[in-house]
Structures are given as structure tokens and as C-alpha cells.
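Inside the fold
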Amino acid sequence: MRFDHHVTRELVDLPALRAFLAAHAVPGLDDVEALADGSTRHRRLVPEGDGHCLLTVSLPAGDVGAPAVTAEGEPDAVAAATAVGRRWLGLDVDPAPGVAALATDRVLGPLVLARPHLRVPETLATLDPVGLQRTVGITTARARTVVAIARAVCDGILDLRSQGDFAESGSGTALSGRSAPDSARVRAGLLALPGVGPWTADLVALRALRDPDVFLPGDLVLRKALGGVTATAAAAVAEAWRPHRSLAVLHLWTQAAIDPR
């Protein structure tokens, strides 16, 4: 059965989102189709219930537009898969407050005003950890780290659901009665795992937990974007961007990838 979600009204920065999805596409898991009119389709199988749904994100041509999220599968699974697609694109988080707060900043102001529709996507981690090293081509140590994180999640030691996952239940708590995970507690749990450092823990908070106020001071791209400063200096600069540092990170990363000086 095919279900077409309504074309989302939320506008996004299409070149930035298109580049992000293409750069993070995993061979054998993601399918990216570039059409003659400049639009793109991004497909991925999403596990839902006892089976899978085919999730399709269609990005129109142009600089700013509204993505279309569609899914194929059983009705109940399709609704959940469509919600996953919206979270994947960051459509449930309004960037307007962050734009308003950062627009006058000396460093970020020009970037924010140039790309006011930039959002913070999430990644979908659905690869089988057993074949991770072979499929993605990462080192043995990194494959072990990913497996350790996956086991911690499966064993209930780590809860990587975002705040949005709990809000969708309408009561602010999950159906199981558990409260939404605390970013600081999750970060501490990640740092306790072998091979997980501050950069990885902070990236999980930004992407998986959708924490709106995460900054990665040790990130080399961010430090270069700020003029080649030290991690300590980068962290000091970012203090002025609270509580929208996650959005600031995406603007700096996007500038480095798409609009390098």
C-alpha cells in the first residue's frame, strides 16, 4: 500500500539539505536519484514493526522549497515512517527563533541571513553493525565503537530517542511511561563506552537527541570556519550563540561545504 503524506508546508534550504543527504548516503542502503529538472529523490528502507517501509524524500529544484515525504507499506507502519522522514529533515523544529537570535551576530549573522531556512537534520542509523566495517569502510576500532553503542541502546542502557519522539505521544512521555532522555545523562553514558569521545557524544546529542544547544569546540571544520582558532577559543565564541548553538554549527558546516570563503 502506498501513502502520500501531504506536501510539507515547511520551507527548507534545498541546496544545503540536498548536499547533506547526498554526502551521508550509504551505498546499498540509500538510493539518490537526480532528475533532469534539478530535483532529487532520496529513498531508504525504514524498519517499522515486523517489516520495512520504503521512505522517499523528494526535494524540488531551486534554492528554497518544501520537501515531500512519502512512504510505502502497511498503514500503521507508513504513518510512523512518515514521522521518521519529517524528523530526518528537521521539519518539526522551527528555525525562526534561532534565526532571529543569531541574525545580528558578527560571525553568524551573514550566514544566517543568507540561509534562513537551514535546518538541523537527523541521521538514520539502521545499518546492521555486523556488516558495518565492510559496508561503510570504517576502521575496526570504529566498527567496535558503533557495535558497543548499538548494544547499549538495545540493552536499554542508552536511550537515544529525541525530545520530539516523546512529544508525539501527546503527553510528553513515551508510551512505556519513561521520560525523555536527559542530554547530560546520555552524554555521560556515551563517554563511558569504549572509543567514544566528546566529539562523538556531542554529535549524538545534536543529531539523535535533537538538542538545540550543542557545540563541538574540537571540530576542525568549525575551528577553521572561525579563523583557525583553538578549541577553547571556539567554545568561548560560541557562548554568545546560546541557546541555538546547534543551528550555529550547521550554518558553519554548511558554509565550509557549500560556500567556502
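Residues numbered from 1 in each chain as written. Predicted model: local features only at pLDDT ≥ 70, side-chain atom pairs only at ≥ 80, totals over all residues. Heavy atoms only, no water.

1. Observations regarding the overall build of the chain
- Looking only at helices and strands, one finds 12 helices and 7 strands in the chain.
- Counting every position in the chain, which comprises 261 residues, the buried fraction comes to 43%.
- Sequence-distant contacts, at least 24 apart, represent 59% of the contacts inside the chain between residues at least 6 apart.
- About 13500 Å² of surface is accessible on the chain, with carbon and sulfur atoms providing 58% of the total. (Helix = DSSP H or I, 4+ residues; strand = E, 2+ residues; numbered from the N terminus. Buried < 20%, exposed > 50% of the residue type's maximum accessible area, 1.4 Å probe, protein only. Contact = heavy atoms within 4.5 Å. Areas by Shrake-Rupley, 256 points an atom, 1.4 Å probe, with all protein chains shown as cover.)

2. Remarks on helix H9 (residues 198-207)
- The buried fraction of H9 is high, at 7 of 10 residues.
- Buried within H9 we find Ala201, Asp202, Leu203, Val204, Ala205, Leu206 and Arg207.
- Among the structural elements, helix H1 (14-23), helix H8 (183-191) and helix H12 (245-258) are those in contact with the buried residues of H9.

3. Observations regarding the packing of aromatic side chains
- For the coordinates displayed, the defined rule picks out 1 aromatic pair.
- Note on phenylalanine 215 and tryptophan 241: the rings are 6.1 Å apart at their centroids and 70° apart in plane angle, and the pair reads as edge-to-face. Placement of the pair is phenylalanine 215 in the loop between H9 and helix H10 (220-225) and tryptophan 241 in the loop between helix H11 (231-238) and H12, with a sequence separation of 26 residues.
- For phenylalanine 215, a relative accessible area of 6% translates into the label buried.
- For tryptophan 241, a relative accessible area of 1% puts it in the buried group. (Phe/Tyr/Trp six-rings, centres within 6.5 Å; stacked < 30°, edge-to-face > 60°.)

4. What about the pattern of salt bridges?
- Throughout the structure, instances matching the rule amount to 10 salt bridges.
- In this structure, arginine 115 and aspartate 13 form a salt bridge, with 2.7 Å as the shortest nitrogen-oxygen distance. Note that arginine 115 is positioned in the loop between helix H4 (109-114) and helix H5 (132-136) and aspartate 13 in strand E2 (residues 12-13), a separation of 102 residues in sequence. We note that arginine 115, like aspartate 13, is buried.
- Residue arginine 242 is joined to glutamate 239 by a salt bridge in which the shortest nitrogen-to-oxygen separation is 3.0 Å.
- For arginine 242, a relative accessible area of 41% gives the class partly exposed. (Salt bridge = Lys/Arg side-chain N within 4 Å of Asp/Glu carboxyl O.)

5. What about the nonpolar core?
- Leu108, Leu190, Phe215, Leu216, Trp241, Val249 and Leu252 are the most contacted members of the largest nonpolar core, which has 36 residues in total.
- Elements with a minimum of two residues in this core: helix H3 (96-102), H4, helix H6 (140-154), H8, H9, H10, H11 and H12.
- The biggest single contributor to this core is H12, with 6 residues.
- Discounting chain neighbours no more than four positions away, the residues touching leucine 216 are Trp199, Asp202, Leu203, Leu206, Leu222, Val249 and Trp253.
- Of all hydrophobic cores here, the second largest spans 14 residues; its members include Leu17, Val57, Val69 and Trp88. (Core = buried A, V, L, I, M, F, W, Y, C linked by side-chain atoms within 4.5 Å.)

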